[in-house]
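Analysis of the macromolecular model
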Amino acid sequence: MKKELIGCALVASFFMTGCGSTNNVETTTGVTKESRAESGYEVKANKTYLRDWTARSVGGEARPAWLAPLFLGDYSQYKAQFGISDESVIKVSYITAADVRGAQMRADLQYARQIAKELQQSVNNYATEQSRSGAIDSATKSAIMEVTQTQSSAEITGHEKRTEFYQIVDEEDALTGKVSRKCVMYQVYVIPQTTWARTTATYLKKVLGEMPEDLSMDEKAVMDMVNQMMYDARHPTVMSQKEKEQELAYSAAMAEAQVKLEPEKQKAAAQQELVKIVQSEKTERTKAIADAQTKQVQSLADAQSMAALSGNPAIASASTVTSADLNSIEAQNIAYGILFGN
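Please read all numbers here as calculations on a predicted model, not as lab measurements. (Residues numbered from 1 in each chain as written. Predicted model: local features only at pLDDT ≥ 70, side-chain atom pairs only at ≥ 80, totals over all residues. Heavy atoms only, no water.)

1. What about helix H7 (residues 219–234)?
- The terminal C-alpha atoms of H7 lie 23 Å apart, and with 16 residues this matches the ideal 22 Å at 1.5 Å per residue to within 8%.
- Listed in full, the buried residues belonging to H7 are Ala221, Val222, Met223, Met225, Val226, Met229, Met230 and Ala233. (Helix = DSSP H or I, 4+ residues; strand = E, 2+ residues; numbered from the N terminus. Expected span 1.5 Å × (residues − 1). Buried < 20%, exposed > 50% of the residue type's maximum accessible area, 1.4 Å probe, protein only.)

2. Comments concerning the environment of Ala257
- You can see Ala257 is positioned in helix H8 (residues 241–259).
- Taking the C-alpha atoms as reference points, Ala257 and Leu274, separated by 17 residues in sequence, lie 9.8 Å from one another.
- With near-sequence residues (within four places) excluded, Ala257 lies in contact with Ala269 and Glu273. (Contact = heavy atoms within 4.5 Å.)

3. Quick look at the nonpolar core
- Core analysis: the largest hydrophobic core is formed by 31 residues, its most contacted members being Ile144, Trp196 and Met225.
- When contributions to this core are tallied by element, the ones reaching two or more residues are helix H4 (100–133), helix H5 (138–148), strand S7 (179–191), helix H6 (193–209) and H7.
- When near neighbours in sequence (up to four residues on either side) are disregarded, Ile144 contacts Val123, Ala127, Ile136, Val207, Met211, Met217 and Met225.
- Among the nonpolar cores identified, the runner-up in size contains 29 residues, and Ala68, Tyr78, Ile90 and Ala331 belong to it. (Core = buried A, V, L, I, M, F, W, Y, C linked by side-chain atoms within 4.5 Å.)

4. Remarks on the packing of aromatic side chains
- Throughout the structure, instances matching the rule amount to 10 aromatic pairs.
- The interplanar angle of 75° and the centroid separation of 5.3 Å between the aromatic rings of Trp66 and Tyr78 together place this pair among those described as edge-to-face. Placement of Trp66 in the loop between strand S4 (46–53) and helix H2 (67–71) and of Tyr78 in helix H3 (residues 76–82) is noted, with a sequence separation of 12 residues between them.
- Looking at Trp66, the relative accessible area reads 6%, which means it is buried.
- With a centroid separation of 6.3 Å and an interplanar angle of 75°, the aromatic rings of Trp66 and Phe165 are classed as edge-to-face. Of the two residues, Trp66 sits in the loop between S4 and H2 while Phe165 sits in strand S6 (residues 160–172), which places them 99 residues apart along the sequence. Each of the two residues, Trp66 as well as Phe165, counts as buried.
- Here the aromatic residues Trp66, Phe71, Tyr78, Phe82, Tyr94, Phe165, Tyr186, Tyr336 and Phe340 are joined through ring pairs into a cluster of three or more. (Phe/Tyr/Trp six-rings, centres within 6.5 Å; stacked < 30°, edge-to-face > 60°.)

5. Things to note about the pattern of salt bridges
- A complete count under the given rule lists 15 salt bridges for this structure.
- The residue Asp52 makes a salt bridge to Arg56 at a minimum N-O spacing of 2.7 Å.
- One salt bridge in this structure joins Asp170 and Arg181, with 2.7 Å as the shortest N-O distance. Pair noted here: Asp170 is in strand S6 and Arg181 is in strand S7, with a separation of 11 residues, a long-range link.
- Assessed through its relative accessible area of 48%, Arg181 is described here as partly exposed. (Salt bridge = Lys/Arg side-chain N within 4 Å of Asp/Glu carboxyl O.)

6. Details of unusual backbone geometry
- The phi torsion at Ala55 lies on the positive side, around 60°, for a residue other than glycine.
- Position of Ala55 relative to the elements: it lies in the loop between S4 and H2.

7. Notes on H4
- Its 34 residues place the ends of H4 48 Å apart at the C-alpha level, agreeing with the 50 Å of an ideal helix rising 1.5 Å per residue.
- Its side-chain oxygen placed 3.4 Å from the backbone nitrogen of Arg101, Asp99 serves as the N-cap of H4.
- Positive backbone phi, at 90°, marks Gly134, one or two positions downstream of H4. (Polar contact = N/O pair within 3.5 Å; in protein donor to acceptor, adjacent residues only side chain to side chain.)

8. A closer look at the pairing of S4
- S4 sits mainly inside the fold: 6 of its 8 residues count as buried.
- For S4 and S6, the ladder comprises 6 bridges, and the chain directions are antiparallel. Note that in S6 the partner of Leu50 across the bridge is Val169. (Pairing = 2+ DSSP bridges.)

9. With respect to the side chain of Thr96
- When you line up the elements, Thr96 lands in strand S5 (residues 89–97).
- Thr96 has contacts with Arg106, Lys182, Cys183, Asn327, Glu330, Ala331 and Ile334, leaving out every residue within four places of it along the chain.

10. A closer look at the confidence of the model for the chain
- When pLDDT is averaged across the chain, the result is 85; 82% of the residues are at 70 or more.
- Per-element confidence in the chain is highest for H2, whose mean pLDDT is 97, and lowest for strand S2 (residues 36–37), whose mean pLDDT is 42.
- Per-residue pLDDT stays below 50 along residues 15–23; that stretch engages in 16 contacts with residues further than four places along the chain or on separate chains.
- Low pLDDT, under 50, characterises residues 28–39; the stretch is placed with 48 contacts to residues that sit more than four places away or in other chains. (pLDDT = per-residue confidence, 0-100.)

11. Things to note about the layout of surface pockets
- Computed from the structure, the largest pocket encloses a volume of approximately 1,200 Å³.
- Every residue lining the largest pocket is counted, 46 residues in all, and those nearest its centre are Glu118, Gln121, Thr237, Glu247 and Ser317.
- Looking at which element gives the most residues to the lining of the largest pocket, the answer is H4, with 10 residues.
- Residue classes in the lining of the largest pocket are distributed as 21 nonpolar, 16 polar and 9 charged. (1 Å grid on protein atoms, 1.4 Å probe; cavity = no way out; pocket = protein on both sides within 12 Å on 5 of 7 lines; lining within 4 Å. Points joined across faces, edges and corners; volume = space filled by probe spheres on them. Nonpolar A, V, L, I, M, F, W, Y, C, P; charged D, E, K, R; others polar.)

12. Considerations on the packing of H8 against helix H13 (residues 326–340)
- Where H8 meets H13, the axes come as close as 9 Å, and the angle between the chain directions of the two elements is 155°. Classed by the angle they form, the pair H8 and H13 counts as roughly antiparallel. Our pair here, H8 against H13, has a crossing hand that is left-handed. Mapping the contact onto sequence places Gln241, Lys244, Glu245, Leu248, Ser251, Ala252, Ala255, Glu256 and Val259 in H8 and Leu326, Ile329, Gln332, Asn333, Tyr336 and Phe340 in H13. (Axes fitted to C-alpha atoms, helices over the stretch in contact; angles between N-to-C directions. Parallel < 35°, antiparallel > 145°, perpendicular 65-115°, else oblique. Left-handed = near helix turned anticlockwise from the far one by under 90°.)

Here it is in structure tokens:
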């Protein structure tokens, strides 16, 4: 009966929320974790040479004015330029491959995984805050966060790919000197509010449907969660360049910690790496959280709770990274250098 109430709550919340010659441009990019800076993981730069981009032969810009703000989470300029409603949800996918066609195919396959990751982070943040305030107990919070780790894709029906933009670069590895050619693909999706509500509700229904019966959330709590997730999607965190750089470094560290391991060992590796990331922060809040909770971390879900409580959006974003995100992180590293490198 309780699971039926959850389904009704999701549906109700859905309707409530719904109402020429090549110009060579040299930049630097790349994030590694060979060493750590005072406030996190240090950035190490590769040289990149921008060789081609969408519509270059007809005078198209290598770096459209809307691209850098979009990369940092500020979608206002993109919406204004392309006449997108403020009510619509914007999602951006980044991928890299050897050529444009390969990047297109890989980006299309990766998008559902990316949406699941973002929904997971939103659910985890909500569950952690509600547990801290006493609105839900710690057992329910932990169950929610454990189940989200199994949701590797999301329903993306109705998500419209509005813009596709690519850049071709030659990248010189800072350590080996090896040069490789890559295509970085940016795909921008525009999602009507009602469609995003359906995506959110479908994801939550799967998550809550897998929870133990005695830990299921009541109708009001489910509706509150959906509404908070809708708010998160329509008001994304806008990062500074420094915060984005930090997010990419942390995300790369999380992915690399897991990528060469057997699946059954990846969660433990992610947990250990995430604890190190939280501890590497020097802010008063993260130090206090790390000192108080490190000994209590028994699972990846516990470590993700630490990340959510840190108040650092770069850490929160990195907390749900798996080895499946490595290509997207690589693409974003290259994009960062192209957009903000000297």
